[in-house]
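Working through the structure, step by step
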Amino acid sequence: MIYTHCGRSGLMLPKVSLGLWHNFGSVDIYENAKSILLHAFDRGITHFDLANNYGPVPGSAEITFGRVLKEGLGAHRDEMVISTKAGYVMWDGPYGSWGSRKHLIASLDQSLKRMGVDYVDIFYHHRPDPETPIEESMAALDQIVRSGKALYVGISNYKPAEARRAFEILREQHTPFIIHQARYNMFDRWVEDGLLDVTNEFGVGVIAFSPLAQGLLTNRYLNGIPEGSRMSKGGFLKPEALTDDKLARIIKLNEVAKRREQSLAEMALQWILRDERVTSVLVGASSTTQLDTNLSVVDALEKNPLSASDLNEIEAILK
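A short tour of the structure in this document, coming up. Computed from a predicted model, the values in this text were never measured in an experiment.

**Thoughts on the pairing of strand 5 (residues 81-86)**
- For strand 5, the buried fraction is high: six of the six residues fall into the buried class.
- Here three bridges tie strand 4 (residues 47-49) to strand 5, and the two strands are oriented parallel to one another. Along strand 5, the bridge assignment pairs phenylalanine 48 with isoleucine 82.
- Remark: the strand 4/helix 2 (residues 60-70)/strand 5 crossover connection has right-handed handedness.
- The pairing of strand 5 with strand 6 (residues 120-125) spans four bridges and is classified as parallel. Across the sheet, residue lysine 85 finds its bridge partner in strand 6, namely tyrosine 124.
- One crossover worth recording links strand 5 to the parallel strand 6 by way of helix 3 (residues 101-115), and it is right-handed.

**Brief notes about the sheet that holds strand 6**
- If you walk around this closed barrel you meet the eight strands as 3-4-5-6-7-8-9-10, and the pairing is parallel. With direction set aside, neighbouring strand axes in the sheet form an average angle of 30 degrees.
- Each of strand 5 and strand 6 touches helix 3; the most contacted strand, strand 5, lies at about 135 degrees to it.
- This element, helix 9 (residues 288-303), spans strand 3 (16-19) and strand 10 (278-283) of the sheet and lies at about 155 degrees to strand 3.

**Some points on helix 8 (residues 264-272)**
- Where burial is concerned, most of helix 8 is hidden: nine out of the nine residues are buried.
- What helix 8 keeps buried is the set Leu264, Ala265, Glu266, Met267, Ala268, Leu269, Gln270, Trp271 and Ile272.

**As for the packing of aromatic side chains**
- By the definition in use, this model includes four aromatic pairs.
- For the ring pair phenylalanine 48 and phenylalanine 65, a centre distance of 5.6 Å and an interplane angle of 40 degrees mean the geometry is tilted. Of the two residues, phenylalanine 48 is situated in strand 4 and phenylalanine 65 in helix 2; the sequence distance between them amounts to 17 residues.
- What makes phenylalanine 48 buried here is its relative accessible area of 0%.
- Relative accessible area serves as the criterion here: at 0%, phenylalanine 65 is assigned to the buried category.
- With centroids separated by 5.5 Å and ring planes inclined at 50 degrees, the aromatic side chains of phenylalanine 167 and phenylalanine 202 adopt a geometry described as tilted. One end of the pair, phenylalanine 167, is in helix 5 (residues 160-173); the other, phenylalanine 202, is in the loop between helix 6 (195-201) and strand 9 (205-209), with 35 residues separating them in the sequence. Taken individually, phenylalanine 167 and phenylalanine 202 each receive the classification buried, so the pair is uniform in this respect.
- An aromatic cluster is present here, built from Phe167, Phe177 and Phe202 joined pairwise through their rings.

**Thoughts on unusual backbone geometry**
- Residue proline 56 is bonded to the preceding glycine 55 through a cis peptide linkage, with omega at -10 degrees.
- Turning to its location among the elements, proline 56 is positioned in the loop between strand 4 and helix 2.
- Residue proline 56 is joined to valine 57 through a cis peptide bond whose omega torsion reads 0 degrees.
- Backbone geometry at alanine 213 places phi at a positive 50 degrees, although glycine is not the residue there.

**Some thoughts on the pattern of salt bridges**
- Within this structure, the stated rule accounts for 20 salt bridges.
- Measuring nitrogen to oxygen at the nearest pair gives 2.9 Å for the salt bridge that ties aspartate 121 to arginine 77. Highlighted residues: aspartate 121 in strand 6 and arginine 77 in the loop between helix 2 and strand 5, separated in sequence by 44 residues.
- Classification of aspartate 121 by relative accessible area gives buried; the value is 6%.
- Exposure remark for arginine 77: the relative accessible area of 11% places this residue in the buried category.
- The closest approach of N and O atoms between glutamate 313 and arginine 259, which form a salt bridge, is 2.3 Å. One end of the pair, glutamate 313, is in helix 10 (residues 308-318); the other, arginine 259, is in helix 7 (residues 244-259), with 54 residues separating them in the sequence.

**Observations concerning a nonpolar patch on the surface**
- There is a patch of nonpolar side chains on the surface, built from Met1, Tyr3 and Met12 and spanning about 240 Å² of accessible area.
- Along the chain, the position of methionine 1 falls in the segment before strand 1 (3-5).
- Taking the relative accessible area as the measure of exposure, methionine 1 reaches 31% and is therefore partly exposed.

**What about the side chain of serine 60?**
- Tracing the backbone through its elements, the reader meets serine 60 in helix 2.
- Looking at serine 60, the relative accessible area reads 5%, which means it is buried.
- Those residues in contact with serine 60 that lie beyond four places of it in its chain are Phe24, Gly25, Ser26, Tyr54 and Gly55.

Definitions and cut-offs
Residues numbered from 1 in each chain as written. Predicted model: local features only at pLDDT ≥ 70, side-chain atom pairs only at ≥ 80, totals over all residues. Heavy atoms only, no water. Buried < 20%, exposed > 50% of the residue type's maximum accessible area, 1.4 Å probe, protein only. Helix = DSSP H or I, 4+ residues; strand = E, 2+ residues; numbered from the N terminus. Pairing = 2+ DSSP bridges. Right-handed = clockwise from strand over helix to strand, strands pointing away. Axes fitted to C-alpha atoms, helices over the stretch in contact; angles between N-to-C directions. Contact = heavy atoms within 4.5 Å. Phe/Tyr/Trp six-rings, centres within 6.5 Å; stacked < 30°, edge-to-face > 60°. Salt bridge = Lys/Arg side-chain N within 4 Å of Asp/Glu carboxyl O. Patch = residues over 30% accessible without salt bridge, like charges linked within 9 Å, V, L, I, M, F, W, Y side chains within 5 Å. Areas by Shrake-Rupley, 256 points an atom, 1.4 Å probe, with all protein chains shown as cover.

Functional significance is not addressed by these values, which are geometric in nature.
If you want it as structure tokens, here you go:
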């Protein structure tokens, strides 16, 4: 594994981190989830990313993770970085979502109980709240750090102007803010329109979620929608996302990857990490085999770097 500093902080993160958005809920097979987590740690993944509402059901991913910690992984607590978030709907009523001090602090208290830990390493505000003053949300993050419930804070899904204002407030408060978690992949490049410049200016790292566009940037959909795939089950990834134009681009990208003797997924992850402003990519996994496939990007970064010609060819396909 390769570890790099998160922005200008002292905290180092692995180039590949494990996200528990899918496959770790109460509807999933516990032993499989446990094997993935243990295998990830054995392979050098030290950063595990959660949120209060990950499951399904909401909260159950944190319960699963807490159970794995209790059954042995917790002996290595000081060797890992645990993050969680609050901001999306978690419980009914006026305090169950968004960015009030009430919601953020109550939610983290619940998350700590579910995981059975005293603190998290990183706590995020999961999305900006148009109804709550940003000063209140950032003050809550500051209080959380000063109360010892988190070591660092971050934000997620903030647009460039929103992120700038959040960083200004956090800097004024002397809050240790180090990271922005944003959707970023070959098909969703909004972070290139100002966000990466803002994070770089403030010395904040970026961790990319959905780096494979929920599986589109793999070989899974090259021949249509397979039975049992995420798209076939509905949910966040809809069949209409796989347009004829997008499929044609995926096929061309796969041809570039094959010529480079790597999988499309590996190349897609490597493409994101080409930018030094991106600290890490968040991958999901439904099996240890899938996780190993994604981890192959670590060797590629050192042994098979993307050339200027490769990048130009990829750019031509994506335009």
